[in-house]
Amino acid sequence: MTARPIPPQPSTPMSTPGAPPAPSLSPEITQTQLLSDLRKLDELHRRLIGLRTAIPAILHPLRAHYATPVDMFTDFSTRAHSCSEDIATFNQMYVAATPVFERAQAEFKRRPGMKVGRLAAADMFLPEEDAGGEGLEGGQEEVKEDAMEQDGVELESACENTPAERVGAVLEEWKAENPEVGLEKLSADGAEKALYRITVPLPASMGFTLEITPPDITTTGAGADAQSRQFMVTAVRSERHPDAPALNIHTSILRSIGARSNAGNLRMLLDMIVEYRMVYTTKCDKCGKLATGSRVELPVVRKLQAAKEEGAEGKKRWVALHEACS
């Protein structure tokens, strides 16, 4: 069991013989230090709120339905391990934030009349900046991060629709790049709609039914052929237990795929499906948690955004999000 974090102890007054001096604080704390401390407190606060779902997440298998006891135990073990990692991470961050609490205690001593209200669950230590980007020093950095997120949305929306003559080539190229993923055509040649079964291997072990509808030849106007094309996933199921009823996660994935942008881009849809291979272990890119909410929902939303890592300019990456975080 992970040891409980040791809360920072108040500094001993200077009058105590042999005691170390109280933490010193400059009368004018720098904006950079203040922003850094507030961000650390925000992260601690967010993770502490998230730990409220630890017990419900672990106990979820007791009220869920599984095909076999082995599946139930596997799910329970995965959830317990994830919660243990979350607790250990919070413990480490809490201990590492000790200097932040020491600086706050020193500030309270310097300003004895200062009062601090209780922070609600939805509040933040670090206030959001106004639309003009004015305010605390370091606002340029925050605006830059927001701009990168907007760039990610633009990259996603800029993808072109797949023309009819490119469908077969796109499927072949994608299959060659993902040999571990199964691709089987279910419909006969010449059928009005082409049906494919895509099998994502372990650990997800899911099957996706892809329906490709031919372009509406009655639609006129510029780009009508591309705009009317639809690539739809009509079913998601477990490959290990194909006869079992669809679980909540399958329904959530189907809903997320249906709500994606660029419905006319086949390659983006195929790449999105592959991203669900690690759906049981990939944490939300926004809140950092694996499961959230009273129903212990997993981050089933997949979005293509600009990579934020240094040296990855111009590249894109898939991010996982909870439906509530997207």
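Residues numbered from 1 in each chain as written. Predicted model: local features only at pLDDT ≥ 70, side-chain atom pairs only at ≥ 80, totals over all residues. Heavy atoms only, no water.

A.B. asks: Can you walk me through the overall build of the protein chain in this structure?
C.D. replies: Scanning the protein chain from N- to C-terminus turns up nine helices and six strands. Among the 326 residues that make up the protein chain, the fraction classed as buried is 31%. Summarising the internal contacts of the protein chain: among those between residues at least 6 apart in sequence, 59% fall at separations of at least 24. For the protein chain, the exposed surface amounts to about 19,900 Å²; the carbon and sulfur share of it is 56%. (Helix = DSSP H or I, 4+ residues; strand = E, 2+ residues; numbered from the N terminus. Buried < 20%, exposed > 50% of the residue type's maximum accessible area, 1.4 Å probe, protein only. Contact = heavy atoms within 4.5 Å. Areas by Shrake-Rupley, 256 points an atom, 1.4 Å probe, with all protein chains shown as cover.)

A.B. asks: Quick question: what am I supposed to make of unusual backbone geometry here?
C.D. replies: A cis amide bond links L202 with the next residue in sequence, P203, at an omega value of 10°. Looking at the element boundaries, P203 is found in the loop between strand 2 (194-200) and strand 3 (206-213). Unusually for a residue other than glycine, N262 sits at a positive phi of about 55°. Residue position: N262 is located in the loop between helix 8 (248-258) and helix 9 (266-274). With a relative accessible area of 14%, N262 lands in the buried category.

A.B. asks: Before we go on, may I ask you to explain the nonpolar core in this structure?
C.D. replies: Inside soluble globular proteins, nonpolar side chains tend to come together where they are buried. Within the largest apolar cluster, 40 residues are counted, with the highest numbers of intra-cluster contacts made by F208, L210, I253 and I257. Elements represented by at least two residues in this core include exactly helix 6 (167-177), strand 2, strand 3, strand 4 (230-238), helix 8, helix 9, strand 5 (301-306) and strand 6 (316-321). A per-element tally of this core places helix 9 first, with seven residues. Sequence-distant contacts of F208, that is, excluding residues within four places in its chain, are made with Y196, R197, I198, V200, V233, A235, V236, I253, I257, I273 and Y276. If you look at the next biggest cluster of nonpolar residues, it comprises six residues, including L41, F90, Y94 and A97. (Core = buried A, V, L, I, M, F, W, Y, C linked by side-chain atoms within 4.5 Å.)

A.B. asks: Help me out: how do you make sense of the pattern of salt bridges in this one?
C.D. replies: A side chain of one charge can pair with a side chain of the opposite charge when the charged atoms of the two come close. One pass over the full model with this rule turns up 14 salt bridges. The salt bridge partner of D271 is R267, with a shortest N-O separation of 3.0 Å. Of this pair, D271 and R267 both sit in helix 9, four residues apart, which is roughly one turn of the helix. Since its relative accessible area comes to 23%, R267 is described here as partly exposed. The salt bridge involving D285 is made with R317; its shortest N-O contact spans 3.5 Å. (Salt bridge = Lys/Arg side-chain N within 4 Å of Asp/Glu carboxyl O.)

A.B. asks: For this particular structure, what's the right way to read the side chain of K289?
C.D. replies: Assignment of secondary structure puts K289 in the loop between helix 9 and strand 5. Ignoring anything within four residues of it in the chain, the contact list for K289 reads G50, L51, T53, D86, K283, C284, P299 and H322.

A.B. asks: Please clarify how the packing of helix 6 against helix 9 should be interpreted in this entry.
C.D. replies: A pair of packed helices is captured by two measures, namely the crossing angle of their axes and the spacing between those axes. Following both chains from N to C, one finds helix 6 and helix 9 inclined at 30°, their axes separated by 10 Å at the closest point. Classified by the interaxial angle, the pair formed by helix 6 and helix 9 is roughly parallel. When the axes of helix 6 and helix 9 are compared, the crossing they make is right-handed. Residues V167, V170, L171, E173, W174 and E177 of helix 6 pack against L266, R267, L270, D271 and V274 of helix 9. Of the residues contributing to the contact of helix 6 with helix 9, the split by class is seven nonpolar, no polar and four charged. (Axes fitted to C-alpha atoms, helices over the stretch in contact; angles between N-to-C directions. Parallel < 35°, antiparallel > 145°, perpendicular 65-115°, else oblique. Left-handed = near helix turned anticlockwise from the far one by under 90°. Nonpolar A, V, L, I, M, F, W, Y, C, P; charged D, E, K, R; others polar.)

A.B. asks: Before we go on, may I ask you to explain the sheet that holds strand 2 in this structure?
C.D. replies: Through backbone hydrogen bonds, the strands of a sheet pair up, either in parallel or in antiparallel fashion. With antiparallel pairing, four strands are arranged side by side in an open sheet as 1-2-3-4. A single partner strand is all that each edge strand has here, and the edge strands are strand 1 (182-185) and strand 4. In this sheet, adjacent strand axes meet at a mean angle of 20° when their direction is disregarded. Sheet analysis places strand 1 next to strand 2, joined by four bridges and oriented antiparallel. Bridged to G182 within strand 2 is T199. Strands strand 1, strand 2, strand 3 and strand 4 of the sheet are contacted by helix 6, whose axis makes an angle of about 150° with strand 1. Lying over the sheet, helix 8 contacts strand 3 and strand 4, oriented at roughly 170° with respect to strand 4. (Pairing = 2+ DSSP bridges.)

A.B. asks: How should I be thinking about helix 4 (residues 98-110) in this particular structure?
C.D. replies: Residues lying three or four places apart along an α-helix face the same way, a consequence of the helix completing one turn every 3.6 residues. Taking 1.5 Å per residue as the helical rise, helix 4 with its 13 residues ought to reach 18 Å, and the 19 Å between its terminal C-alpha atoms agrees with that figure. The set of residues buried in helix 4 consists of V100, A106 and E107. Across the axial projection of helix 4, the buried residues extend over an arc of 125°, all falling on one side. (Expected span 1.5 Å × (residues − 1). Arc of directions from axis to C-beta.)

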